[in-house]
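Residues per chain are reported as follows:
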Amino acid sequence: MAMTATAGHAHADPHHIGLVIEHPGPAPKRIVTAYGFWIFLLSDIVMFSCFFAAYAVLVGQTADGPKGSEIFEPRYVAIETVCLLLSSFTCGMASIAADVRNRFWFYLSMSVTCVLGLIFLVLEFREFADLIARGYGPSRSAFLTAFFSLVGCHGLHVSAGVLWLLTMMAQVFAKGFRADILRRMTCFALFWHALDIIWVAVFSVVYLLGSGV
Amino acid sequence: MLGKLDWSAIPFDQPIPLVAGGVVLVAILAVLAWVVVKGHLPYLWNEWITSVDHKRIGVMYVLLASVMLLRGGSDAIMMRIQQAVAYQSQGYLPPEHYNQIFSAHGTIMIFFVAMPFVIGLMNLIVPLQLGVRDVAFPTLNSVGFWLTATGALLVNISLVVGEFARTGWLAFPPLSELSYSPGVGVDYYAWSLQISGVGTLVAGINLVTTVLKLRTKGMNYLRMPMFCWTTLASNLLIVAAFPILTATLAMLLLDRYLGFHFFTNEAGGNVMMFMNLIWAWGHPEVYILVLPAFGIFSEVVSTFSGKALFGYRSMVLATMAICVISFMVWLHHFFTMGAGPNVNAIFGIASMIIAVPTGVKIYNWLFTMYGGRIRFATPMLWAIGFMVTFIIGGLTGVLLAVPPADFILHNSMFLVAHFHNVIIGGVLFGAFAGFEYWFPKAFGFRLDERWGKAAFWFTFTGFFVTFMPLYIVGLLGMTRRMQHYDVAAWRPWMIVAAIGMAVLTIGVICQIVQIVVSVRNREALRDRTGDPWDGRSLEWATSSPPPVFNFAFNPDVRGEDAYWDMKAKARNEALAADRPEYQDIEMPRNSPTGFVCAFFATIMGFALIWHIWWMVILGGLGAWATFVLFAWRDHDEYVIPAAEVAAIDRVNLEERRGLVSMAGTV
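No experiment lies behind these values; they were computed from the predicted model shown.

## Some details on the interface of chain B and chain A
Part 1 of the reasoning: The interface is formed by 50 residues belonging to chain B together with 47 residues belonging to chain A.
Part 2 of the reasoning: Counting the surface lost from both chain B and chain A, the interface buries some 3900 Å², and carbon and sulfur atoms represent 65% of this.
Part 3 of the reasoning: At the boundary of chain B and chain A, one finds four salt bridges.
Part 4 of the reasoning: Between K29 of chain A and E637 of chain B there is a salt bridge whose closest N-O contact spans 3.1 Å.
Part 5 of the reasoning: In this assembly, chain B and chain A are joined by 15 residue pairs in polar contact (both at pLDDT 80 or more).
Part 6 of the reasoning: Mapped by element, the contributors of at least two residues to the side of chain B that touches chain A are helix 6 (185-213), helix 7 (226-258), helix 8 (271-305) and helix 19 (613-631) of chain B.
Part 7 of the reasoning: The element that contributes the greatest number of residues to the side of chain B that touches chain A is helix 7 of chain B, accounting for 10 residues.

Okay, here's the thing in structure tokens:
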């Protein structure tokens, strides 16, 4: 960041008195890519907030069906949460490994991240399958509609994340730690951590509030 | 195998859509045959379809918008004729068909005319005004455009295969739920908007990042041209609002496809939630459209008055104020649905407050003109016509923002007149002003002024003759979306409105003639200087059309009105005396990713509409594979050698020396 006094061309810009920060020119690619991806994540969070809002509106509309406290399994959800939080840690390890170009630690931490993500997905799938089998599917009531959509939307994101994770591993395997691959890795890591943050919100709003603990 | 699709989807019993669809199909096939026979296919593929150049993509956006303007316009003509003849009779359109027409008209005009038009102009001009070589994500830009085209294509397919929604342009439930709209119309609506909405979001992310992170040296925020500011505001709104549309449509689709209960009447669904969500997107959407138009008027008014924009900083503040407040007024769309007097009052006041920054803008434009040397070129005519028209639209808007008045006027033709007043008088006039103003920059020759002025006057007159009567019938109690009516007092006004529509159509024809005539006379209209209007911002500092790399050297900006300053400086000193050595320039390589991805998205969208599940999977896999293939490329960029850059740039400099030596005499 170049700091220059404007005295040199103050005549060209009468508004500027004193010290201003001259804009140095276009940002490097690494920053532009990550910045754009941040903006995408913000827009994704706006989308999630719509599903959160819908859940908040419809949570009481059980249409004589079950309430949240009657169907949630706190034990399962606790394991899910632990898996996802741990996977965020291992994803951070993978980022560091990529930064120092250590293939072994990169593959190892990405694999662990993948396994933890898959365990999360299996547990969520079992929860959904179990509810549907008991007749408490999403079309049972507006509350269940909102519940399945909100949690399922997060699950879809995790699935996409796992697909992306595997593609990233294949990319590093085939191309090595090239600059563009590292940029993508940064985006993937941002995505995975953002999913974690959203899960914390899901966990609090849906499961903690819902099971009335 | 083919889901719900069978021969009954083709409306053999309805001549109008069948003939229209047939004509369009024949026209498309003829153009394709001509392209192939003449051997233009490689050129089209290499230079346009796979192009990731922001200028080319911008031009294609505007082309898409223009074609869809003709489609949406013919819907409008049909509606005006229907309402003129449907007094105590059924008119010439069956109710089913009429309902599809007004739904398609609204959907097309907002999503596939206004949106691509402004996004196209922003794409074309913003990187040039910022003094940079491209947008932040060039390939993503191409993907965004082609997904928008997919949406437009799906809407047009619905003309011949199946039907379009009969629900109005926002598909309110419960009418849009499966129980009341069992056909594929709402599915066409939802999937085409869902797919093109992704494209719009991508464009929004791209342009926000471009404005915030890619500016040439010295281009501080308060030195950016107004159009860049309004682009930033508009695209921030896109990023914040379009995900709401995505979520809302997803909920509606889940209701329709999987029996969910977001908005249904039974099992606890909540229809009012749809109203809230759709307008939380829909109200900012209006400002997404009109803010770029405000930016265009700022550029045009300042250039053709020969003065710097009056109150630049208050203009920036007003733009950002509108950007924020536009998110706080959505509830004025359902004052009458029982939110209560306190809520209504708050949202009424918030709606009126938006008029304050808008008023600031109008005064700033007037003061920019005051004391200036005004040239009444075509873009300036559109700008002045806008100011007159938009003030009327703004005032009726403030009227509608008064809840008690809204109880009388909502859902009436008064409302229809109001929003056409602001959308046509604001957005469309802005789009036309930008089109006339930047056409020489995009293509290297000016447009014919005589036909341009004729187009303006016919459109301007036609607009008033069409829409002022709608205010009157609105006050006389006529509601919107009527297929036929029995009130004698409305009849004369509907006939006047139909005549106005005819005048408007002449305006459109003039504009088409203008383009044809200008292309024929392009040698005489050639712009060699790159600066035909004596412009003030950086897009005029490069040649017309600009080279693929935009600028041989990234310009160094020292104040507002960057190019104006450079010209002033150059009159005293020799132009570019202290140029550094030319260097190699790296540019992103072309890529078919966008086109191929949109191809699969079209297949997937069509399959989803008709419940052809194997095809959905095929389309999804195809789109994913396209991205993986793209990610596997080894060389993203190609190099333009310094010698070639120098050769291209020297031609531009020679032409420009002539301009600078003449500039003192004008």
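## Quick look at a nonpolar patch on the surface
Residues and elements named next belong to chain A.
Part 1 of the reasoning: On the surface, a nonpolar cluster with roughly 590 Å² of combined accessible area is contributed by F89, M93, F104, W105, L108 and V112.
Part 2 of the reasoning: Elements supplying a minimum of two residues to the nonpolar patch: helix 3 (74-99) and helix 4 (103-133).
Part 3 of the reasoning: If you tally residues by element for the nonpolar patch, the top one is helix 4, at four residues.
Part 4 of the reasoning: One can find W105 in helix 4.

## Digging into the packing of aromatic side chains
Residues and elements named next belong to chain B.
Part 1 of the reasoning: Taken as a whole and judged by the stated rule, the model has 74 aromatic pairs over all chains.
Part 2 of the reasoning: Arranged with centres 4.8 Å apart and planes meeting at 70°, the rings of F145 and W146 form a pair that is edge-to-face.
Part 3 of the reasoning: Look at F145 and you get buried, because its relative accessible area is 4%.
Part 4 of the reasoning: On the basis of an interplanar angle of 40° and a centroid distance of 4.7 Å, the ring pair of F439 and F443 is categorised as tilted. Remark: F443 and F439 occur in helix 14 (residues 413-443); sequence separation between them is four residues, near one turn of the helix.
Part 5 of the reasoning: Residue classification places F443 among the partly exposed residues on the basis of a relative accessible area of 33%.
Part 6 of the reasoning: Taken together, the ring pairs connect F117, W382, F429, F432, F456, W457, F460, F463, F464 and F467 into an aromatic cluster.
Part 7 of the reasoning: Stacked on the ring of Y221, the Lys or Arg R215 has its end atom at 4.0 Å from the ring centre.
Part 8 of the reasoning: For the cation-ring pair, R536 lies above W564, with the distance from its terminal atom to the ring centre recorded as 4.1 Å.

## A closer look at unusual backbone geometry
Outside of glycine, negative phi angles account for most residues, and trans bonds account for most peptide bonds.
Part 1 of the reasoning: For the bond from P173 of chain B to P174 of chain B, the omega torsion is 0°, close enough to zero to count as cis.
Part 2 of the reasoning: The omega torsion of the bond from S544 of chain B to P545 of chain B falls at -15°, within 30 degrees of zero and hence cis.
Part 3 of the reasoning: Tracing the backbone through its elements, the reader meets P545 of chain B in the loop between helix 16 (491-520) and helix 17 (562-572).
Part 4 of the reasoning: A positive phi angle is found at A63 of chain A, which is not glycine, with a value near 50°.
Part 5 of the reasoning: Structurally, the position occupied by A63 of chain A is in the loop between helix 1 (29-58) and helix 2 (68-71).
Part 6 of the reasoning: Judged by its relative accessible area of 33%, A63 of chain A falls in the partly exposed class.
Part 7 of the reasoning: Here H611 of chain B, not a glycine, exhibits a phi torsion of approximately 60°, which is positive.
Part 8 of the reasoning: By the element assignment, H611 of chain B lies in the loop between helix 18 (593-609) and helix 19.
Part 9 of the reasoning: What makes H611 of chain B partly exposed here is its relative accessible area of 22%.

Reading guide: rules and limits
Residues numbered from 1 in each chain as written. Chains lettered and ligands numbered in written order. Predicted model: local features only at pLDDT ≥ 70, side-chain atom pairs only at ≥ 80, totals over all residues. Heavy atoms only, no water. Contact = heavy atoms within 4.5 Å. Buried area = accessible area lost by both parts, 1.4 Å probe. Salt bridge = Lys/Arg side-chain N within 4 Å of Asp/Glu carboxyl O. Polar contact = N/O pair within 3.5 Å; in protein donor to acceptor, adjacent residues only side chain to side chain. Helix = DSSP H or I, 4+ residues; strand = E, 2+ residues; numbered from the N terminus. Patch = residues over 30% accessible without salt bridge, like charges linked within 9 Å, V, L, I, M, F, W, Y side chains within 5 Å. Areas by Shrake-Rupley, 256 points an atom, 1.4 Å probe, with all protein chains shown as cover. Phe/Tyr/Trp six-rings, centres within 6.5 Å; stacked < 30°, edge-to-face > 60°. Buried < 20%, exposed > 50% of the residue type's maximum accessible area, 1.4 Å probe, protein only. Lys NZ or Arg CZ within 6 Å of the ring centre and 35° of its normal.

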